[in-house]
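Understanding the architecture of this molecule
Take a look at the letters that make up each chain.
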Amino acid sequence: MLSDFLEMTDGQHLRADVCIVGAGPAGITLARKLAKHGHAVCLLESGGEDFEQDAQSLYTGASVGMTYYPLENTRLRFFGGTIHIWGGRCGQLDDIDFERREWVAHSGWPFGAEALAGYYRGAHEILRLGSYGYDERLWREIGASRPPFDEKLFTTRFWRFDKREEPFALRHCEDLVRSENVEVVLHANAVHIQAGPDARSVTGIRISTLDGRQGKVSAAYYVLACGGIENPRLLLSSRDVEVNGIGNGFDQVGRYFMEHPHCRAGRLDGNRSYALWDGMRKRYLADNIAVAPALLPTASLQREKEILNCALTFKLQRDPSRGISTGKRIYEHLRHELAPDRRGRRIYYTYRGLKRWFDRNLRPTVEHALSALGITGLTLIVRAEQAPNPHSRVRLSNRKDILGLPCPELDWQLSSQDKNTVTVLTDTLGSEFERLGMGELKKSGWLDEPALEWPVDLGVGPHPIGGYHHMGTTRMSADPRTGVVDADSRVHNYRNLYVAGSSVFPTSGWANPTLTIMALSLRLADHLDTRLRN
């Protein structure tokens, strides 16, 4: 069932077994599985069916730490969420990403990788990603060989790419619209979580439209699924019972904000550049699904050097002093200057389709010629895991939005371990290049500078700062003194309040978060099903 709160009467009171705040991949995945279990779900979406500037403006906030994208540009506020401008890149976390690593402070999930094994497969099937597999065995399936680096130092993992456009758009969610168990409510902004007087349960969520219409949702269970900035924002601003915000008795809500910071770490000039790029090129086909390899440090190298997990890839680029290419400038204009409405997204998708055709049919020939002429060199690109850092956080500012909620303030901070990881990986890979007779990897100058500053480098690609991945701000922990939710994603000390999405990640790992977000939502659906049946 599809409803619009703008068309409901003021004071509307909605009821369900489970109220989910946020209709992105986490909330939609959760709603679908709960509905299949037979439970009544109310799925609240702040925006409408497509982009609306007034709703998008609710994402406005300040960034007071490291340089970051404007907060209102990092997310989309309508049904389906930011996945509307998603590149489709899916990866699965490694076993070590879940482990407590003694050299990584605040690391360790409350469960191991095996707890998500079946749910990863479920998420994989939902996204139609072909045959299941993300590790080195995929080299045989695509008919290629792994790069010749020492297997004790480096391993490879694969991203798989969802080839559909906007898989969570409302037109692809007719099952929810038709379901008798689900009510999707558009233009329903959650503005307050009402805690019970004992701060042990939630009794309702207050919702509002931009024109001031008010309502309430009552449910047996409540799930926040509105992202790594909005989840803590809503918890922190609901402070009529707990003065510091719901679940924030130990000042943990909003802390440990993590991204996957991106950088150029080095450059290799020489006649072997093209061969390595071609072997690690962006897209192969496996079971008619695009896949792309990434080079990762092995678990043993991470332990030996006390570094983080990161994805390393290669690009053939001209000398950085010549600036960015015309194609890159066009992409940046399309991505950042066009409004992300249906027309703007269609232009963006058309450009991406043309680029994919070029990459498949012409790019290898062009790149080989440019490399042979010495015009381009091989650049090492790093998509880094960020170490959990309690000083990297989301707070509330003194400014309020049109609904009266305090606007978020992001203080993104990296640590010496983040930069040291890139330095160690670059040095280690450089030694491998020399061993293999491939030439000298010239390390980027910023890595030798004493400051911790991480550069904003447009040469990295379309995401020069990070991956738009907001993680960690309501992190999982066994102890409420070190996190916000428990192993079941339940807010500590609250009987019926849960959080879904990447904000519960204790560590970011190497992989893009969408597949893990969906796996966690499937796991949470089974947990809530058990609770409701009992």
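Below, the structure is looked at part by part. (Residues numbered from 1 in each chain as written. Predicted model: local features only at pLDDT ≥ 70, side-chain atom pairs only at ≥ 80, totals over all residues. Heavy atoms only, no water.)

Below, the discussion takes up the layout of surface pockets. Space inside the second largest pocket adds up to approximately 490 Å³. Lining the second largest pocket are 25 residues, with Gln-92, Asp-94, Asp-95, Asp-135 and Arg-157 sitting closest to its centre. Of all the elements in the fold, those that place two or more residues in the lining of the second largest pocket are helix H3 (95–98), helix H4 (117–126), helix H5 (138–142), strand E6 (154–161) and helix H9 (299–305). Per-class residue counts for the lining of the second largest pocket are ten nonpolar, five polar and ten charged. (1 Å grid on protein atoms, 1.4 Å probe; cavity = no way out; pocket = protein on both sides within 12 Å on 5 of 7 lines; lining within 4 Å. Points joined across faces, edges and corners; volume = space filled by probe spheres on them. Helix = DSSP H or I, 4+ residues; strand = E, 2+ residues; numbered from the N terminus. Nonpolar A, V, L, I, M, F, W, Y, C, P; charged D, E, K, R; others polar.)

Let us look at the sheet that holds strand E17 (residues 406–411). Two orientations exist for strands paired in a sheet by backbone hydrogen bonds: parallel and antiparallel. What the three strands build is an open sheet, ordered E4-E17-E16; its pairing is mixed. Each end of this open sheet is capped by a strand with a single partner; those strands are strand E4 (62–63) and strand E16 (393–400). As defined by bridge partners, E16 adjoins E17 across five bridges and the pair is classed as antiparallel. Residue pairing in the sheet places Arg-393 in a bridge with Asp-411 of E17. Here helix H7 (residues 227–237) sits on the sheet and contacts E16 and E17; the angle it forms with E16, its principal contact strand, is near 65°. (Pairing = 2+ DSSP bridges. Contact = heavy atoms within 4.5 Å. Axes fitted to C-alpha atoms, helices over the stretch in contact; angles between N-to-C directions.)

This paragraph deals with the packing of H4 against helix H14 (residues 514–533). Two numbers describe how H4 lies on H14: the axes approach to 8 Å, and their chain directions differ by 115°. At the point where H4 passes H14, the crossing takes the right-handed sense. Each of Tyr-119, Tyr-120, Gly-122, Ala-123, His-124 and Ile-126 in H4 lies in contact with H14, whose residues at this interface are Leu-515, Thr-516, Met-518, Ala-519, Leu-522, Arg-523 and Asp-526. Split into classes, the residues belonging to the contact of H4 with H14 amount to eight nonpolar, three polar and two charged. (Left-handed = near helix turned anticlockwise from the far one by under 90°.)

What follows concerns the state of the cysteines. For the structure shown, the criterion picks out zero disulfides. Just so you know, Cys-90 is unpaired, no disulfide at all, and the nearest cysteine sulfur is the one on Cys-173, 16 Å from it. What makes Cys-90 buried here is its relative accessible area of 0%. (Disulfide = S-S within 2.5 Å. Buried < 20%, exposed > 50% of the residue type's maximum accessible area, 1.4 Å probe, protein only.)

This brings us to the pattern of salt bridges. Inspection of every chain in the model, using the stated rule, returns 25 salt bridges. Notably, a salt bridge pairs Asp-211 with Arg-213, separated by 3.8 Å at the nearest N-O pair. When its relative accessible area of 52% is taken as the criterion, Asp-211 is described as exposed. What makes Arg-213 partly exposed here is its relative accessible area of 22%. Taken together, the shared-partner salt bridges connect Arg-75, Arg-77, Glu-230, Arg-233 and Asp-401 into one network. (Salt bridge = Lys/Arg side-chain N within 4 Å of Asp/Glu carboxyl O.)

In this structure the tally under the stated criterion is 18 aromatic pairs. Ring geometry for Tyr-132 versus Tyr-134: centroids 5.7 Å apart, planes at 80°, classification edge-to-face. Residues Tyr-274 and Trp-277 carry aromatic rings whose centres are separated by 5.6 Å and whose planes lie at 40° to one another, so their mutual orientation is tilted. Taken together, the residues span about one helical turn, with Tyr-274 and Trp-277 both in helix H8 (residues 273–279) at a distance of three residues. Per residue, the accessibility class of Tyr-274 equals that of Trp-277, and both read buried. Put simply, the rings of Tyr-68, Tyr-69, Phe-257, Trp-412 and Tyr-468 touch in pairs and so form one group of aromatic residues. Taking the ring centre of Tyr-59 as reference, the NZ or CZ of Arg-75 above it sits at 4.0 Å. Here Arg-77 stacks its cationic end above the ring of Tyr-59, 4.8 Å away from the centre of that ring. (Phe/Tyr/Trp six-rings, centres within 6.5 Å; stacked < 30°, edge-to-face > 60°. Lys NZ or Arg CZ within 6 Å of the ring centre and 35° of its normal.)

Across the five residues that make up strand E7 (residues 182–186), a large majority, five, are buried. Burial of the side chains of E7 extends over both faces: Val-182, Val-184 and Leu-186 are buried on one face and Glu-183 and Val-185 on the other. Across three bridges, the pairing between strand E1 (residues 2–4) and E7 is parallel. Counted as the bridge partner of Asp-4 is Leu-186 from E7. As paired elements, strand E3 (residues 41–44) and E7 share four bridges and run parallel to each other. Residue pairing for E7: Leu-43 is matched across the bridge by Val-184.

Together, Trp-357, Phe-358 and Val-366 give the surface a local cluster of nonpolar side chains, amounting to about 270 Å² of exposed area. Relative to the helices and strands, Phe-358 resides in helix H11 (residues 342–361). (Patch = residues over 30% accessible without salt bridge, like charges linked within 9 Å, V, L, I, M, F, W, Y side chains within 5 Å. Areas by Shrake-Rupley, 256 points an atom, 1.4 Å probe, with all protein chains shown as cover.)

Moving on, we get to H11. Over its 20 residues, H11 runs 28 Å from end to end, which matches the ideal 28 Å to within 8%, given 1.5 Å per residue. Residues of H11 that are buried include every one of Gly-344, Arg-345, Tyr-348, Tyr-349, Tyr-351 and Arg-352, and no others. Mapping the buried residues of H11 onto a view down its axis gives an arc of 160°, with all of them on the same face. Within H11, the exposed residues directed more than 90 degrees away from the buried face are Arg-343 and Leu-354. (Expected span 1.5 Å × (residues − 1). Arc of directions from axis to C-beta.)

In this structure, Ile-20 and Phe-79 are the most contacted members of the largest nonpolar core, which totals 98 residues. It is H14 that provides the largest number of residues to this core, a total of nine residues. Not counting residues up to four positions away in its chain, the partners in contact with Ile-20 are Gly-27, Leu-30, Ala-31, Leu-34, Val-41, Cys-42, Leu-43, Leu-44, Val-223 and Ala-225. Of all hydrophobic cores here, the second largest spans 50 residues; its members include Tyr-284, Ala-286, Leu-429 and Ile-465. (Core = buried A, V, L, I, M, F, W, Y, C linked by side-chain atoms within 4.5 Å.)

What follows deals with empty space enclosed by the protein. Under the criterion given, the structure shown has three cavities of 30 Å³ or more. What the largest cavity holds in volume is close to 50 Å³. Lining the largest cavity are Ile-83, His-84, Trp-86, Gly-87, Gly-88, Asp-162, Arg-164, Glu-165, Glu-166, Pro-167, Tyr-349 and Arg-352. Along the lines of polarity and charge, the residues of the lining of the largest cavity split into four nonpolar, three polar and five charged.

Bringing the pairing of strand E2 (residues 12–21) into the picture now. As paired elements, E2 and strand E10 (residues 214–224) share nine bridges and run parallel to each other. Of the residues in E10, the one forming a bridge with Cys-19 is Tyr-222. Each parallel crossover has a hand, and for E2 linked through helix H1 (residues 25–36) to E3 it is right-handed. (Right-handed = clockwise from strand over helix to strand, strands pointing away.)

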